[in-house]
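Structure at a glance
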Amino acid sequence: MTVADPNLYDYWPYRDRPKIVWPGGKKLAFWVAPNIEFYEFDPAKNAGRAGWPKPAPDVVAYSQRDWGNRVGHWRLMELLDKYGLRGSVSLNVALCDHHPEIIEACVERNWEFFSHGVYNTRYSYGMDEAQERAIIEDAIRTVEKASGQRIRGYLAPALTHTERTLDLIAENAFWYTCDLFQDDQPQPVKTASGKLISLPYSLEVNDVITYGALGMSPARYTDILKRHFDQLLEEGEQSGTVMCIPLHAYLVSQPHRIGPFEEALKHVMGHADDVWFATGAEIAGYYRDHCWDQTQADIAAKGCATGGKGFGHGAA
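Residues numbered from 1 in each chain as written. Predicted model: local features only at pLDDT ≥ 70, side-chain atom pairs only at ≥ 80, totals over all residues. Heavy atoms only, no water.

What about the pairing of strand β3 (residues 112–115)?
Rules: Each residue is assigned to one of three classes by its accessible area relative to the maximum for its type, calculated with a 1.4 Å probe on protein chains only: buried under 20%, partly exposed between the two thresholds, exposed over 50%. Helix and strand definitions follow DSSP, with helices as H or I runs of at least four residues and strands as E runs of at least two, each counted in order from the N terminus. Any two strands with at least two DSSP bridges between them are considered paired.
Side chains of β3 alternate between two faces, with Glu112 and Phe114 and Phe113 and Ser115 buried alike. Strand direction decides the pairing type here: strand β2 (residues 88–91) and β3, joined by four bridges, are parallel. Bridging from a neighbouring strand, Ser88 pairs with Glu112 of β3.

Put into structure tokens, the structure is as follows:
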């Protein structure tokens, strides 16, 4: 079935919304999302998308990503430790089996985990409901067993989805999705059940885009991070904003890039009085408890509510 609009959220103009005030009166909620991923050397074939850009075996791409877990992750973790920042890990849950020492190090630091599928080379395209449901339920069990945490966030593997994905994670008591890029503040998502929000995650300042796709210099990336932060902080004076920096250790942690990235962190930390340094689950939990109802009421009062559920699923 083809639809003109997935109807996952209502159009809601950015200006003149009810004011969000983050804990402690902070203007901006800031979170860092290291993607800790595992790529299979020779992944199962998927009709919708090849496992690697080049024909298998792609030894070069595989080893580059392996460097991220062997070297880059530890370099990034040490840098975040230096500034007292906790990561919210976008986790390929197979890493619990492949590199349990990474999981243990994150647990020691009280980092958050959220699901990024099993492998970043296993896509959602073509899955039936039973398969997708099984993967979500397995992610919950696997991460809880490895870390003691009940995951509350979701980023689809390699950003691949079905029309059921958001309904299924909401049904399984997830609090937030990172798969929608429609806003700089959280917003309720239209699901058949549950209380799911879209939590701002960024493609604009995601290093897989800036470095991997656009080939930016480290100095350019640092400048973008600073300007992105400054604009959101200024707007946060009127109503609380969210900034997320999604990272991939095989990119940002390269020896020539980690220093410039630290300069961006110094800039953010220089405004600590106005910033709530949080995890994804902390931001989502606060929003669900304190802002969800006022958001829904404002959408309705402004005549923006269109009813229905995502992709037409569920009752209007």
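There's more to say after this.
Let's talk about the UniProt feature "domain: NodB homology" (unreviewed entry) in the protein chain
Using the following cut-off: UniProt positions are given in the numbering used here, feature names are shortened, and annotations may be inferred rather than shown by experiment.
Per the UniProt record, "domain: NodB homology" (unreviewed entry) is found at residues 59–278. Summarising residues 59–278: 49% helix, 12% strand, and an end-to-end C-alpha distance of 37 Å.

Observations concerning the packing of aromatic side chains
The test is simple: Each Phe, Tyr or Trp ring, with Trp reduced to its six-membered ring, pairs with another whose centre is within 6.5 Å; inter-plane angles below 30 degrees give stacked pairs, above 60 give edge-to-face pairs, and intermediate values give tilted ones.
Per the counting criterion, the structure on display carries eleven aromatic pairs. Geometrically, the ring pair formed by Trp31 and Tyr176 is edge-to-face, given 6.1 Å between the ring centres and 85° between the ring planes. In this pair, Trp31 sits in strand β1 (residues 28–36) while Tyr176 sits in strand β5 (residues 176–177), placing the two residues 145 residues apart along the sequence. Accessibility assignment for this pair places Trp31 and Tyr176 in one class, buried. Ring plane angle 90° and centroid distance 6.0 Å describe the contact between Tyr154 and Phe174, whose orientation is recorded as edge-to-face.

Points about helix α11 (residues 292–301)
Quick note on the threshold: Throughout, the arc means that of the directions going from the helix axis to the C-beta atoms. Any two residues whose heavy atoms approach within 4.5 Å at even a single point are treated as in contact.
Of the residues making up α11, those classed as buried are Trp292, Thr295, Asp298 and Ile299. Down the axis of α11, the buried side of the element spans an arc of 135°, and every buried residue falls inside it. Relative to its buried face, α11 has exposed residues pointing more than 90 degrees away, namely Asp293 and Ala301. Contacts made by the buried residues of α11 are with β6 (187–188), β7 (197–198) and α10 (280–290). Following α11 by one or two positions, Gly303 has its phi on the positive side, about 70°.

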